[in-house]
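# Per-entry structural report
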Amino acid sequence: ISSSSNSFLKAWRWKREHLSDQERFHQPYYHHLVIPPDSPCTIAIEQRPFNPEGFASTVWDSSIVMAKYMEHHWKEFKGTSGLELGAGCGLAGIVMH
């Protein structure tokens, strides 16, 4: 794989559309947080599929996008507070914290 192809794959490895529902929603989601740059960590979020009442506890793809945006622009968010309204299991709020 060329270096440009490798860079593209690395940039988009969080995308989950190609995964099965089992892989996307029934397993824990691991988010590799890289902010601050000197102390990376991994956030593990347990997920649950929809139950008969229609409730689920899943990490939404949109919350991954928001979390990645905040990671790449972390200096803009440093020292601020925010309110997350409905982004699955709260990944964006956890990352902002």
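All values reported here derive from a predicted model rather than from experimental measurement. (Residues numbered from 1 in each chain as written. Predicted model: local features only at pLDDT ≥ 70, side-chain atom pairs only at ≥ 80, totals over all residues. Heavy atoms only, no water.)

### Notes on the overall build of the chain
Put simply, the rule is: In this text, helices come from DSSP runs of H or I with a minimum length of four residues, and strands from runs of E with a minimum of two, each type numbered from the N-terminal end. Only protein chains enter the area calculation, which uses a 1.4 Å probe; residues under 20% of their type maximum are buried, those over 50% are exposed, and those in between are partly exposed. Whether two residues are in contact is decided by their heavy atoms: any pair within 4.5 Å suffices. Using the Shrake-Rupley algorithm and a 1.4 Å probe, accessible areas are obtained, with residue cover drawn only from the displayed protein chains.
Counting its secondary structure elements, the chain contains five helices and two strands. Traced from its N-terminal end to its C-terminal end, the chain shows the element sequence α-α-β-β-α-α-α. Looking at the chain residue by residue over its 97 residues, the buried ones come to 25%. Within the chain, residue pairs in contact and separated by at least 24 positions form 51% of the contacts whose partners lie at least 6 positions apart. Surface summary for the chain: the accessible area is close to 7,100 Å², and the carbon and sulfur share equals 59%.

### Some details on the nonpolar core
Using the following cut-off: By convention a nonpolar core is built from buried Ala, Val, Leu, Ile, Met, Phe, Trp, Tyr and Cys residues, the set being connected through side-chain atoms within 4.5 Å.
Tyr29, Leu33, Ile35, Ile43, Ile45, Val59, Ile64, Ala67, Met70, Leu91, Ala92 and Val95 form the largest nonpolar core, which has 12 residues in total. If we ignore the near neighbours within four places in the chain, the residues touching Ala92 are Ser63, Met66, Met70 and Glu84.

### Let's talk about the side chain of His31
With respect to the helices and strands, His31 occurs in strand β1 (residues 29–33). Note on His31: relative accessible area 1%, which makes it buried. Non-local contacts of His31, meaning those with residues more than four positions away in its chain, are made with Cys41, Thr42, Ile43, Ala67, Lys68, Glu71, Leu91 and Val95.

### Overview of the confidence of the model for the chain
The condition that has to hold: Confidence of the prediction at every residue is given by pLDDT, a number between 0 and 100.
Residue-level pLDDT values for the chain average 78, and 76% of them are 70 or greater. For the chain, the element scoring lowest by mean pLDDT is helix α1 (residues 3–11), at 61; strand β2 (residues 41–45) scores highest, at 90.

### With respect to the packing of aromatic side chains
To keep things clear, this is the line we draw: Within 6.5 Å between ring centres, the rings of Phe, Tyr and Trp (the latter by its six-membered ring) count as paired, and their orientation is classed by plane angle as stacked under 30 degrees, edge-to-face over 60, tilted in between.
Tallied over the full model, the rule gives one aromatic pair. Both rings, one in Tyr69 and one in Phe77, keep their centres 6.3 Å apart while their planes meet at 85°; by these two values the pair is edge-to-face. Residue classification places Phe77 among the partly exposed positions, given a relative accessible area of 23%.

### Looking at the environment of Arg24
Relative to the assigned elements, Arg24 resides in helix α2 (residues 21–26). Residue Arg24 is classed as buried on the basis of its relative accessible area of 16%. Here the alpha-carbon distance between Arg24 and Gln47, two residues 23 residues apart in the chain, equals 9.0 Å.

### A word on the environment of Val59
Mapping Val59 onto the fold places it in the loop between β2 and α3 (61–72). As for Val59 and Arg48, which are separated by 11 residues in sequence, their C-alpha atoms are 9.5 Å apart. Setting aside residues up to four positions removed in sequence, Val59 forms contacts with Arg16, Phe25, Tyr29, Ile45, Gln47, Ile64, Cys89 and Leu91.

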